[in-house]
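Understanding the architecture of this molecule
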Amino acid sequence: KAGVTQTPRYLIKTRGQQVTLSCSPISGHRSVSWYQQTPGQGLQFLFEYFSETQRNKGNFPGRFSGRQFSNSRSEMNVSTLELGDSALYLCASSFSSGGRYEQYFGPGTRLTVT
Amino acid sequence: TQLLEQSPQFLSIQEGENLTVYCNSSSVFSSLQWYRQEPGEGPVLLVTVVTGGEVKKLKRLTFQFGDARKDSSLHITAAQPGDTGLYLCAGRNNDMRFGAGTRLTVKP
């Protein structure tokens, strides 16, 4: 099975611009989560989508949004970029069976805001 | 404040040594996962534990979930340079919460 793929891998944007990141989950996984990872804050949960519906949301401003398509692919969007948005953005797809929840990460998109 | 506290933050050891890293919380989790992450890459899932007191072995790695499902430990026997990386624990309830990680360096 192919793993989680994320595009693009690297991105440079300027303050005030917006950005869209894409994630394709493992085939058969219906849940996709997004995380922001920075040296200072570590891995922080952004949101989780399941069957095209946002199931959970972390404590991020409304500039961060996402969506999931019927084929489980997901996108996240950040509008009005700030310097502090520079981070590694990670997507993870997951499945749950018999009480066991397992999550698999993609390689991430490294976003640099200048 | 991290929901999950990992210790130590940094660990540098010689090849062949044993080590244990810890993941502690005041919250009960339905499941807990351990990951290893290398620079510039996404975390790689090592193990999932769900039952209090559960012990899982993965070659030289031994994972234990606390009886109360609030804490976990990872023990590595005879560490090798290839074990170098950031070890993250994550607890699951409604969502996943991660610890800050233990950065392990194994010197040859």
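Note that the structure is a prediction, hence the values are computed from the model and not measured. (Residues numbered from 1 in each chain as written. Chains lettered and ligands numbered in written order. Predicted model: local features only at pLDDT ≥ 70, side-chain atom pairs only at ≥ 80, totals over all residues. Heavy atoms only, no water.)

Before going further, it helps to examine the overall build of chain B. In terms of helices and strands, chain B carries zero helices and 11 strands. The linear arrangement of helices and strands in chain B, starting from the amino end, is β-β-β-β-β-β-β-β-β-β-β. Relative to a compact globule of 108 residues, whose C-alpha radius of gyration would be 13 Å, chain B shows 13 Å and is just as compact. Structurally, chain B occupies a C-alpha span of about 40 × 25 × 20 Å along its principal axes. Within chain B, the fraction of its 108 residues that count as buried is 45%. Counting every atom, chain B has about 5,100 Å² of accessible surface; 48% of that belongs to carbon and sulfur. Computing the positive centroid from 11 side-chain charges and the negative centroid from 10, chain B places the two 3 Å apart. (Helix = DSSP H or I, 4+ residues; strand = E, 2+ residues; numbered from the N terminus. Rg over C-alpha atoms; globule rule 2.2 N^0.38 Å. Buried < 20%, exposed > 50% of the residue type's maximum accessible area, 1.4 Å probe, protein only. Areas by Shrake-Rupley, 256 points an atom, 1.4 Å probe, with all protein chains shown as cover. Lys, Arg positive; Asp, Glu negative; His and termini not counted. Charge placed at Lys NZ, Arg CZ, Asp CG, Glu CD.)

All names here are of chain A. Pairing in this open sheet of four strands is antiparallel, and the strands run β1-β3-β8-β7 from one edge to the other. The sheet is open, and its two edges are formed by β1 (5-7) and β7 (64-68), each paired on a single side. Along the sheet, successive strands turn relative to each other by an average axial angle of 20 degrees, direction set aside. The pairing of strand β3 (residues 19-24) with strand β8 (residues 74-78) spans five bridges and is classified as antiparallel. When the bridges of β8 are listed, threonine 20 appears paired with asparagine 77. (Pairing = 2+ DSSP bridges. Axes fitted to C-alpha atoms, helices over the stretch in contact; angles between N-to-C directions.)

Take the interface of chain B and chain A next. Where interface size is given, it is often the accessible area lost as the parts come together that is meant. In this complex, chain B contributes 22 residues to the contact, which on the side of chain A involves 20 residues. Both sides of the chain B and chain A interface together cover about 1,600 Å² of buried area, and 49% of this is carbon and sulfur. Inspection of the region where chain B meets chain A yields two salt bridges. Measuring nitrogen to oxygen at the nearest pair gives 3.8 Å for the salt bridge that ties glutamate 48 of chain A to arginine 92 of chain B. Counting every contact that joins chain B to chain A gives six residue pairs in polar contact (both at pLDDT 80 or more). Breaking the side of chain B that touches chain A down by element, the ones donating at least two residues are β4 (31-37), β5 (44-49), β9 (85-92) and β10 (96-98) of chain B. Counting residues per element, the side of chain B that touches chain A draws most heavily on β4 of chain B, which supplies four residues. Tallied by class, the residues present in the side of chain B that touches chain A amount to nine nonpolar, eight polar and five charged. (Contact = heavy atoms within 4.5 Å. Buried area = accessible area lost by both parts, 1.4 Å probe. Salt bridge = Lys/Arg side-chain N within 4 Å of Asp/Glu carboxyl O. Polar contact = N/O pair within 3.5 Å; in protein donor to acceptor, adjacent residues only side chain to side chain. Nonpolar A, V, L, I, M, F, W, Y, C, P; charged D, E, K, R; others polar.)

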